[in-house]
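Now for the letters of each chain:
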Amino acid sequence: MKPLDHLGPSLWAGTANEPPDTVPLEGERRADVVIVGAGFTGLSCAIHLAEAGVDVVVLEAKGIGHGGSGRNMGQVNPGVWADPKVVEGLLGEATGRRFNEAFGGTYELVEGLVKRFDIRCDLMRTGNIYVGRSSKGVRAVEARHAQLSAYGFDVELLDEERTAAIVGNRRYRAAMLDKRAGNIHPLNYALGLAEGAISLGATIHTSSRVRRLAQTADGWRAETDRGAVTAERAVIATDAYSDDLWPGLKRSMVPIGTYATATVPLSDNLRKTILPQRTSTFEAAPISTYLHMVASNRIMISILGYPPLFKNSPFDRWPRLQLRRHFPQVGDIPFEFKWGGTIGLSDDHLPRLHEPAPGLTICCGFSGRGITSATLGGKIVAERIRGTMADEDCPLPVKPIRPIPLRLLRAASYELGIRAFRVLAWLP
Ligand SMILES: Cc1cc2nc3c(=O)[nH]c(=O)nc-3n(C[C@H](O)[C@H](O)[C@H](O)COP(=O)(O)OP(=O)(O)OC[C@H]3O[C@@H](n4cnc5c(N)ncnc54)[C@H](O)[C@@H]3O)c2cc1C
């Protein structure tokens, strides 16, 4: 298997940098901390531990960025889905404020790591826009703008003219430009974080699924098929790709599919008529459509829901419909990449911090907003392990793991709803 085959035919795998050389774990070894999962959370945690001289081993079931980190849509959006006041309602005012401030200002964390390790991942601070078409959509845009600006975040309400100039069409009546945001090649970001962690002394073993994690007299023992790591502390950073390693963890998130497509590269002239400033858009609608002009000049279109099962079904032709509606000037340009992934929705759609046993920390539940949040999540875990973040300073409350009742039924009803929405989208 080539190093990135585990990701399937995604745009990111097709345009990735060379991954660092890694091998499966063989035999027994000791470390200070063992981390399960090599996505943004595990890799950011490894960096923030290794820079303090902590001996870290990361064990990854497949390859670096195999989960959401290597498959996502590349929208670097600070904050979470919920508006800041909703977060304060869920976490209480003081923790909610700490959460909003920490998670709302995370672009700089990502940018800092990209600069520090000189990661070639096309990070661009383009902003992103939240657009509204119906009266309800316009109200949603205005309400979100009111909430974020009241918090002092750098957001701006745009009129129809400016929206049209940024999107490249006149479909929307209102938009909010979030200037804190940008775009990235997420897999290259993950590969670069891995290089960074290795350069600081961390070890990463790929093709090393942890089959068993247990506390022993010597510390936490993480066993793979061909070896084991024993460490004082253990971290689980497996988000939506969690298996049955830790009881109840997988069941604490609802798995939701996400489907992305990317065209072949556009000519420069055509490209300048579509999302000319490369500002990604997503729509205030029951099921949002995401439009993105990636650095390689391809239009990327994505939506919630797993990739279509059958060729030429309405689901399969749905990206073509979006292209025709938004950017008819591209004609029948071919789609070169189609891929999918799973996001893990927590019950309130906020990231989760669990400490279910002494010496074990879990950070997950990024609910589809993880480029910034999981990078911060990993840093928070590292700081707690290093003892540099007290409970009262932690932006994430430590909570017990709570399996979500009927989660697969919920997942199935989301998927059905999403598919119904995609069929309805064909109506004029
Ligand atoms: C299709 C898609 C689109 C998205 N779009 C965006 C976006 O535009 N912007 C944004 O901010 N976020 C987006 N997200 C969310 C974001 O990608 C995730 O929240 C983030 O990547 C989570 O990072 P992580 O490191 O916690 O988990 P992951 O990246 O999922 O990594 C978990 C890793 O754990 C490994 N693993 C699991 N079990 C074991 C085991 N037993 N032993 C060893 N390893 C194990 C997996 O193989 C995997 O590599 C999207 C997600 C998807 C799937």
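Residues numbered from 1 in each chain as written. Predicted model: local features only at pLDDT ≥ 70, side-chain atom pairs only at ≥ 80, totals over all residues. Heavy atoms only, no water.

Novice: Can you lay out the sheet that holds strand E15 (residues 299-304) for me, pointing to particular residues and giving the numbers?
Specialist: Two pairing modes exist for strands in a sheet, parallel and antiparallel, and in both the strands are linked by backbone hydrogen bonds. A sheet is described by the order of its strands in space; here eight strands give the open sequence E5-E6-E4-E13-E14-E15-E12-E16, paired in mixed fashion. If you trace the sheet from one side to the other, it starts and ends with strand E5 (155-158) and strand E16 (335-345), each paired once. In this sheet, neighbouring strand axes are inclined to one another by 20° on average, regardless of whether the strands run parallel or antiparallel. Set on the sheet, helix H8 (residues 160-167) makes contact with strand E4 (128-132), E5, strand E6 (174-178) and strand E13 (280-283); between it and E5 the angle comes to about 105°. Packed on one face of the sheet, helix H13 (residues 407-424) meets strand E12 (254-263), E15 and E16 and runs near 35° to E12. (Pairing = 2+ DSSP bridges. Helix = DSSP H or I, 4+ residues; strand = E, 2+ residues; numbered from the N terminus. Axes fitted to C-alpha atoms, helices over the stretch in contact; angles between N-to-C directions. Contact = heavy atoms within 4.5 Å.)

Novice: Talk me through the environment of Ser302; I want residue IDs and the actual numbers.
Specialist: For Ser302, the position within the fold is in strand E15. Owing to a relative accessible area of 2%, Ser302 belongs among the buried residues under this scheme. Along the backbone, Ser302 and Gln215 are 87 residues apart, and their C-alpha atoms lie at a distance of 42 Å. Leave out the neighbours within four places in its chain, and Ser302 touches Met73, Tyr259, Ala260, Ser288, Thr289, Tyr290 and Trp318. (Buried < 20%, exposed > 50% of the residue type's maximum accessible area, 1.4 Å probe, protein only.)

Novice: Run through the domain arrangement of the protein, naming residues and quoting values.
Specialist: What the domain assignment lists for the protein is domain 1 (5-73 + 187-251 + 347-406) and domain 2 (128-179). Between the C-alpha centres of domain 1 and domain 2 the distance comes to 35 Å. (Domains from an automatic or database assignment.)

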